[in-house]
Amino acid sequence: MKGKQVTALGLAAMMGMSLLAGCSGGSAETGKETKKTSDGKTELELFGTKTENKETLQKLVDAYNESQDKVTVKLTQPADAGTVLKTRMTKNDLPDMVAMGGDFNYAELQSAGVLTDLSGEAFLDNINESYINMLYALNKDQEEKSYGVPYATNSSGIIYNKDIFAENSIEIPTTFSELMEVCEKLEAAGVTPFELTFKDAWTILPAWNSMAPVMQPENFYNDKREGKATFEGTHEAVLENYLKLVEHAQKDYMGTSYDDGNKKFAAGEAAMMMNGSWAITEIKKANPDVNIDQFKFPATDDVEKNKVTSGVDVLLGITTNCGDTDSAKDFISFMVQEENAQLYADEQFAFSAVKGVEQNDPSVAGVKADIEAGNVVDFPDHYYPSGFDLSAALSNFFLEKENGKDDSANIAATLKKLDTDYDTLNVN
């Protein structure tokens, strides 16, 4: 997955309460009492919400602390980060810094006014502008200010078996029509085109996240938020294409789990998977010698419209309750130094928002150029309301297909449900 990020349902309201509650006194800048270690150093807490990167973050925190005489950073990264953070918000106990995903959770924190504006800081000059713009789009009223520093990014598209492609003289498809031709050619050779793992409903999302951004109307997110647009009438083609794709998967795609599917794909039982870079590590655990790469999802027949889905997997932010903002900024400056960002990218098999940092693993070579050039689009589910369960709706969509429901009726009912669910949760 993209990472076990904090669940933020109701978080904005809780943070608003914490702001109203006031602070206990201490720092002249924030009002927070500055914590001290036993040896007199200022202690800053970094709260991480992605459990998978704990060891790497700790390694970087340790390196920073070794270079400091007056400040030390303490990493807090509990197993159930969402519950812990929400509980702390109600107690007016904001951490000094956060390391979290650039998604709707970030949007709720920014909207609640608990993140420090870092616009104009020198370390932002080291950050790829495409990812800075992604966070702008998540800000309240799309305010062009940096309340978080993009750090680690990812890629989503189509993972493919290079050996199977070579054995069958398959070239990388650049349009949706070409992708369908590839499927037909593979099937004629007795090869299953796609291994899908829809028993774990979240794995239905990557294909939607690649198709929807380039197929929906321009400015859809803002218009939908403001009640000016609907999924009905705008996303039919997305589901129509998805129905075509699953026709080229293994028969039991609704009953195959993520773990089992990864193992089957690693064993060469299918040529492609629709998923992100996070799945590659799991596939290689099953078969370290598997020869795979990734290419951008050819969602349309317009080559220029197709982009790599890539979002901010980890950003660094400073809360407005930080006990020592200058030291927190110094820590971020350390983190975005090229050698430190490279260490994170290498250990976490991530792309980086930091300029000059490259992900050189051959398993993602096919999307590297697009990411470095900024030919990317953010995950659409980063812009949906907290609690909007797209994976459940799409899982039901494919269950209805398996039960024989008419495609047109199924598409209409699904999009209507998406509109109803979104509008119920949407709070402007």
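Residues numbered from 1 in each chain as written. Predicted model: local features only at pLDDT ≥ 70, side-chain atom pairs only at ≥ 80, totals over all residues. Heavy atoms only, no water.

Peer 1: For this particular structure, what's the right way to read the pairing of strand 3 (residues 71–76)?
Peer 2: Consecutive side chains along a regular strand alternate between the two faces of the sheet. Bridging between strand 2 (residues 42–48) and strand 3 involves six bridges; their strand directions are parallel. In the sheet register, threonine 42 faces strand 3, and the bridge partner there is valine 71. (Pairing = 2+ DSSP bridges. Helix = DSSP H or I, 4+ residues; strand = E, 2+ residues; numbered from the N terminus.)

Peer 1: Explain empty space enclosed by the protein to me, please; I cannot follow it from the model alone.
Peer 2: A water-sized probe rolled over the atoms picks out the places where empty space is left. Under the counting rule described, the total for this entry stands at one cavity of 30 Å³ or more. Roughly 50 Å³ of internal volume is contained in the largest cavity. Looking at the largest cavity, the residues that line it are Glu195, Leu196, Thr197, Phe198, Thr203, Ala207, Tyr242, Met273, Met274 and Asn275. Counting residues per element, the lining of the largest cavity draws most heavily on strand 7 (residues 272–276), at three residues. Class assignment of the residues belonging to the lining of the largest cavity gives a composition of six nonpolar, three polar and one charged. (1 Å grid on protein atoms, 1.4 Å probe; cavity = no way out; pocket = protein on both sides within 12 Å on 5 of 7 lines; lining within 4 Å. Points joined across faces, edges and corners; volume = space filled by probe spheres on them. Nonpolar A, V, L, I, M, F, W, Y, C, P; charged D, E, K, R; others polar.)

Peer 1: Teacher, can you tell me more about a negative patch on the surface here?
Peer 2: Among the surface-exposed residues, Glu171, Glu178, Glu181, Glu184, Glu187, Asp301, Asp302 and Glu304 lie close enough to one another that they form a single negatively charged patch. You can see glutamate 178 is positioned in helix 7 (residues 176–188). Overall, glutamate 178 belongs to the partly exposed group, its relative accessible area being 31%. (Patch = residues over 30% accessible without salt bridge, like charges linked within 9 Å, V, L, I, M, F, W, Y side chains within 5 Å. Areas by Shrake-Rupley, 256 points an atom, 1.4 Å probe, with all protein chains shown as cover. Salt bridge = Lys/Arg side-chain N within 4 Å of Asp/Glu carboxyl O. Lys, Arg positive; Asp, Glu negative; His and termini not counted. Charge placed at Lys NZ, Arg CZ, Asp CG, Glu CD. Buried < 20%, exposed > 50% of the residue type's maximum accessible area, 1.4 Å probe, protein only.)

Peer 1: Explanation requested: the side chain of asparagine 375 in the structure shown.
Peer 2: As for its placement among the helices and strands, asparagine 375 is situated in the loop between helix 15 (365–373) and strand 12 (376–377). Using a relative accessible area of 17% as the deciding quantity, one classes asparagine 375 as buried. A polar contact is formed between the side chain of asparagine 375 and the side chain of lysine 307, at a distance of 2.9 Å. A polar side-chain atom of asparagine 375 sits 2.7 Å from a polar atom in the side chain of aspartate 370. Those residues within four positions of asparagine 375 in sequence are excluded, and the remaining contacts are Lys296, Asn306, Lys307, Val308 and Asp370. (Polar contact = N/O pair within 3.5 Å; in protein donor to acceptor, adjacent residues only side chain to side chain. Contact = heavy atoms within 4.5 Å.)

Peer 1: Would you take a moment to explain the pattern of salt bridges for this structure?
Peer 2: It is possible for side chains of opposite charge to pair when their charged atoms get near one another. On inspection of all chains with the given rule, the structure shows 14 salt bridges. One salt bridge in this structure joins lysine 145 and glutamate 143, with 3.5 Å as the shortest N-O distance. With a relative accessible area of 34%, lysine 145 lands in the partly exposed category.

Peer 1: Teacher, can you tell me more about the packing of aromatic side chains here?
Peer 2: Both the distance between ring centres and the angle between the ring planes are used here to describe each pair of aromatic rings. This model, assessed by the stated rule, comprises 22 aromatic pairs. Between tyrosine 151 and tyrosine 344 the ring centres are 5.4 Å apart and the planes differ by 65°, which places this aromatic pair in the edge-to-face class. Taken as a pair, tyrosine 151 in strand 5 (residues 149–153) and tyrosine 344 in helix 14 (residues 338–348) lie far apart in primary sequence, 193 residues in all. A ring pair is formed by phenylalanine 397 and phenylalanine 398, whose centres lie 5.0 Å apart and whose planes are at 75°; its orientation type is edge-to-face. Note on phenylalanine 397: relative accessible area 0%, which makes it buried. We classify phenylalanine 398 as buried; its relative accessible area is 0%. Three or more aromatic residues link up through ring pairs in this structure, and these residues are Trp208, Phe220, Phe231, Tyr384, Phe388 and Tyr422. (Phe/Tyr/Trp six-rings, centres within 6.5 Å; stacked < 30°, edge-to-face > 60°.)

Peer 1: Looking at this structure, I do not really get the packing of helix 10 (residues 236–246) against helix 17 (residues 407–425). What am I missing?
Peer 2: Any two packed helices are characterised by the angle at which their axes cross and by the distance between the axes. With their axes 10 Å apart at the nearest point, helix 10 and helix 17 run at an angle of 130° to one another. If you check the angle between helix 10 and helix 17, you find them oblique. When the axes of helix 10 and helix 17 are compared, the crossing they make is right-handed. Residue-level inspection shows Glu236, Leu239, Glu240 and Leu243 of helix 10 in contact with helix 17, the latter providing Asp407, Ile411, Thr414 and Leu415. Residue composition of the contact of helix 10 with helix 17, grouped by class: four nonpolar, one polar and three charged. (Axes fitted to C-alpha atoms, helices over the stretch in contact; angles between N-to-C directions. Parallel < 35°, antiparallel > 145°, perpendicular 65-115°, else oblique. Left-handed = near helix turned anticlockwise from the far one by under 90°.)

Peer 1: So what exactly am I meant to see when it comes to unusual backbone geometry here?
Peer 2: Most peptide bonds are trans, and most residues other than glycine sit at a negative phi. Phi is positive for aspartate 141, which is not a glycine, with a value near 60°. Along the polypeptide, aspartate 141 turns up in the loop between helix 5 (129–138) and strand 5. On the basis of relative accessibility, which here comes to 66%, the residue aspartate 141 falls in the exposed class.

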